[in-house]
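# Understanding the architecture of this molecule
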Amino acid sequence: MAKVKTAYFCQNCGSQYPQWLGQCKNCGEWNTLIEEIVEKSPTKSFSERSKQHIINIIEVETHEEPRISTPSEELNRVLGGGIVLGSVTLIGGEPGIGKSTLLLQLALKMKKKILYVSGEESASQIKMRADRLTELQNPHCYLFTETSVEKILHEAKKLKPDFVIIDSIQTLQSQLIESSPGTVSQIRECSNEIIKYAKDSNTPVFLVGHITKDGQIAGPKVLEHMVDVVLNFDGDRNHLFRLLRANKNRFGSTAEIGIYEMVSQGLKEIKNPSEILITKKFEELSGNSVAVTLEGNRPMLIEIQALVSSAVYGTPQRSCTGFDSKRVNMLLAVLEKRAGFQLGAKDVFLNITGGIKTDDPALDLAVVASILSSNEDIAISEHFCFAGEIGLSGEIRPVSQIEQRISEAEKLGYEKIFVSNLNKIPKKKFGITIVEVSKIEDFHEHLF
Ligand code: TYD
Ligand code: MG
């Protein structure tokens, strides 16, 4: 009997070792090496690719990447103008965030021949979900519930779809490898085959990828290098908003984001996020303020709430949702040192409404405004908004793309925006009152 050849693969980074080790030498993770059977000769795919020859860069003909425009404007924007033919896109996200819904919706709305492969749900489950997404109709959407990658690609070559969706890459299995689905070698092998199919037939493929506890796409990191686009679908599962971002895009920028809302008929696109995020005008309550942030290149207004109360325990609590708690601690320290606010004995709770998570430093000014407002129990006018970063010496620093932020605030009917005095703003251009502040001490005076 032929000896079975095995090797040890790091489940975190995909490195291969001839024997077991406690710690992966490549990524430093402990206990991630798992024995897997390697049967395929590694030279095969190499020799197939060697048809290419050397060419001078001047002689290379360029052409616009042919793209399929999808019915979803948000998706088009994130992809940089549509799906590029022959591209492979990996979309990752937490369970239940709506990856399957997003792609099924796309399949049902596109006027193209689509192959939807699911290794996770039965055809009737998918049909039931499709029925929930009522107004969608595509007579050329084909379902295939299969996990063998050879069979899938065989059928795909026969059907010749315009577009293939695979949900998910972790459920696929190649007959060439004996290890179970979801292992590094299976994922690598299956993706390799799929990428080859996509490039050879010029068919775009969407792959769904599961993510691990710490938010990485499960499987080898090389998978992300192999595909053309890596999208991340994220948002708080308990909230309604979902953000689609590109972590990598060979055909466009990674700065754009798409915003969706999960409703009972599936995912709804949100064209103007600011309006939704602060539609319900809060009655003038203390602790609320509005920040002008930037998601990708899109300015967006979000509401920040703070609650400052006397500490019940010796050590005051600081709790933040949607904002970096270390940054809040820093802002509190700056307030204490530079503006003399005694917040040391107070609990501070901070929340960004709508389940949005952001690390835009321009939020600092609004966060401080909310904290001050709650601390003194004086409401901030609902017509005010803020965009400024705060430095350690209490100075208010300019933020990027300030003019875009100001126009967004103006468009949404705000009357006053607080910004740093270091931005060179052509004030005459705007109808909104621009208040320029330089120091956190002065900010307090302007505010109340
Ligand atoms: P799903 O697409 O199955 O998530 P994933 O594939 O990322 O795991 O999303 C399922 C969630 O979305 C589920 O919890 C129910 C919710 N949902 C709606 O609220 N409305 C709908 O119309 C659909 C189809 C799902
Ligand atoms: Mg799913």
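Counting of residues starts from 1 at the beginning of each chain's written sequence and follows it residue by residue. Labels are handed out in written order, letters beginning with A for the chains and numbers beginning with 1 for the ligands. Only residues with pLDDT of 70 or above have their local features reported here, since the model is predicted, and side-chain atom pairs are shown and tallied only from 80 upward, although totals for entire chains, interfaces and linings are computed over all residues. By convention in this description, side-chain values take in all heavy atoms of the structure and omit both hydrogens and water.

For helix H6 (residues 184-201), which comprises 18 residues, the first-to-last C-alpha distance of 26 Å matches the rise-based estimate of 26 Å (1.5 Å per residue) to within 8%. Only protein chains enter the accessibility calculation, which uses a 1.4 Å probe; a residue is then buried when its area is under 20% of its type maximum, exposed when over 50%, and partly exposed in between. By the criteria applied, helices consist of DSSP H or I runs no shorter than four residues and strands consist of E runs no shorter than two, each listed in order from the N terminus. Along H6, the positions that sit buried rather than exposed are Val184, Ser185, Gln186, Ile187, Glu189, Cys190, Ser191, Glu193, Ile194, Ile195, Tyr197 and Ala198. Backbone geometry just after H6 places Asn202 at a positive phi near 60 degrees. Multiplying 1.5 Å by the helix residue count minus one yields the expected span of that helix.

Another point: the site of ligand 1. We call a residue near a given molecule or strand whenever any one of its heavy atoms falls within 4 Å of it. In the neighbourhood of ligand 1, 16 residues make up the surrounding shell, with Gly96, Lys99, Ser100, Thr101 and Gly266 lying closest. Distance and chemistry together define a polar contact, namely a pair of N or O atoms within 3.5 Å, with one atom able to donate a hydrogen and the other to accept it when in protein, and with adjacent residues in sequence counting only for side-chain atoms on both sides. Within the backbone of Gly96, one N or O atom sits 2.7 Å away from an oxygen atom of ligand 1. Per-residue and other accessible areas follow the Shrake-Rupley method at a 1.4 Å probe size, with only the shown protein chains counted as cover for residues. Bound to the protein, ligand 1 loses 74% of the 560 Å² it would expose on its own. The element contributing the most residues to the shell around ligand 1 is helix H3 (residues 99-109), with three residues. Residues are sorted three ways: Asp, Glu, Lys and Arg are charged, Ala, Val, Leu, Ile, Met, Phe, Trp, Tyr, Cys and Pro are nonpolar, and all the rest, Gly among them, are polar. Counted by class, the shell around ligand 1 contains five nonpolar, seven polar and four charged residues.

This part is about the domain arrangement of the protein. In this entry, domain limits derive from an automatic or database-based domain assignment. Taken domain by domain, the protein holds domain 1 (3-40), domain 2 (65-271) and domain 3 (275-447). For domain 1 versus domain 3, the distance between C-alpha centres works out to 49 Å.

Here the focus is the pattern of salt bridges. Throughout this description, the term salt bridge denotes a Lys or Arg side-chain nitrogen within 4 Å of a carboxyl oxygen of Asp or Glu. Scanning the model with the defined rule gives 17 salt bridges in all. With its nearest N and O atoms 2.6 Å apart, the salt bridge here joins Asp228 to Lys199. Linking Asp228 in the loop between helix H7 (222-226) and strand S11 (229-234) with Lys199 in helix H6, this pair joins segments that are 29 residues apart in sequence. Among the ionic pairs, Asp364 bridges to Arg327, the shortest N-O distance being 2.6 Å. Of this pair, Asp364 sits in helix H10 (residues 364-376) while Arg327 sits in helix H9 (residues 325-339), and the two are 37 residues apart along the sequence. The class of Arg327 is partly exposed, set by a relative accessible area of 23%. A network of salt bridges, in which partner residues are shared, links Lys199, Asp228 and Arg250.

What follows covers unusual backbone geometry. In this structure, the amide linkage connecting Asp167 to the following residue, Ser168, adopts the cis form with an omega of 0 degrees. By secondary structure assignment, the location of Ser168 is in the loop between strand S9 (163-167) and H6. Notably, Asn31 is not glycine yet its phi reads approximately 55 degrees, a positive angle. Here Asn31 falls in the exposed class, since its relative accessible area comes to 62%. Of note, Lys160 is a non-glycine position whose phi angle comes to about 50 degrees, a positive value. Structurally, the position occupied by Lys160 is in the loop between helix H5 (149-159) and S9.

Remark: the empty space left among the atoms is shown by a probe the size of a water molecule rolled over them. Note on definitions: the grid is 1 Å and covers protein atoms alone; a cavity is a set of points where a 1.4 Å probe fits but cannot get out; a pocket is an open set with protein on both sides within 12 Å along at least five of seven lines; lining residues have an atom within 4 Å of a point. Grid points are joined across faces, edges and corners, and a volume is the space filled by probe spheres set on the points. This model, assessed by the stated rule, comprises one cavity of 30 Å³ or more. If you go around the largest cavity, the residues you meet are Arg67, Leu79, Gly82, Ile83, Val84, Ser87, Thr89, Val229, Asn249 and Phe251. A per-class count over the lining of the largest cavity returns five nonpolar, four polar and one charged.

Packing of H9 against H10 leaves a shortest axis separation of 11 Å and a crossing angle of 65 degrees. Our pair here, H9 against H10, has a crossing hand that is right-handed. Between H9 and H10, the contacting residues are Arg327, Leu331, Leu332 and Leu335 on the first element and Asp364, Val367, Val368, Ile371 and Leu372 on the second. Lines fitted to C-alpha atoms define the axes, with helix axes restricted to the stretch in contact, and inter-axis angles between N-to-C directions lie between 0 and 180 degrees. The sense of a crossing depends on the near helix, which, turned anticlockwise from the far helix by less than a right angle, makes the crossing left-handed and, turned clockwise, makes it right-handed. Note on contacts: a residue pair is in contact if any heavy atoms of the two residues lie within 4.5 Å.

Ranked by internal contacts, the top residues of the largest apolar core, which has 42 residues, are Ile371, Phe386 and Phe443. Each of two domains, domain 2 (65-271) and domain 3 (275-447), supplies a minimum of three residues to this core. In this structure, Val78, Val84, Leu103 and Leu106 belong to the second largest nonpolar core, which totals 33 residues. The nonpolar core is taken to be a set of buried Ala, Val, Leu, Ile, Met, Phe, Trp, Tyr and Cys residues, with the residues joined through side-chain atoms within 4.5 Å.

Before going further, it helps to examine the sheet that holds strand S8 (residues 141-144). DSSP-based pairing: two strands are paired if at least 2 bridges between them are found. If you walk across this open sheet you meet the nine strands as S8-S7-S9-S10-S6-S11-S12-S13-S14, and the pairing is mixed. Bordering the open sheet on either side are S8 and strand S14 (266-269), each of which pairs with just one other strand. For this sheet, the mean angle separating the axes of adjacent strands, direction not counted, is 25 degrees. As judged from the three bridges shared by S9 and strand S10 (residues 205-210), these two strands associate in the parallel manner. Following the sheet pairing, Ile166 is matched in S10 by Leu207.

Next up on the list: the packing of H10 against helix H12 (residues 440-447). Relative to each other, H10 and H12 sit at 60 degrees, their axes nearing to 11 Å. Taken as axis vectors, H10 and H12 run oblique relative to one another. For H10 against H12, the interelement crossing comes out right-handed. For the pair H10 and H12, the contacting residues are Leu365, Val368, Ala369, Leu372 and Glu376 in the first and Ile440, Phe443, His444 and Leu447 in the second. Here roughly perpendicular refers to angles of 65 to 115 degrees, roughly parallel to angles under 35, roughly antiparallel to angles over 145, and oblique to all remaining angles.

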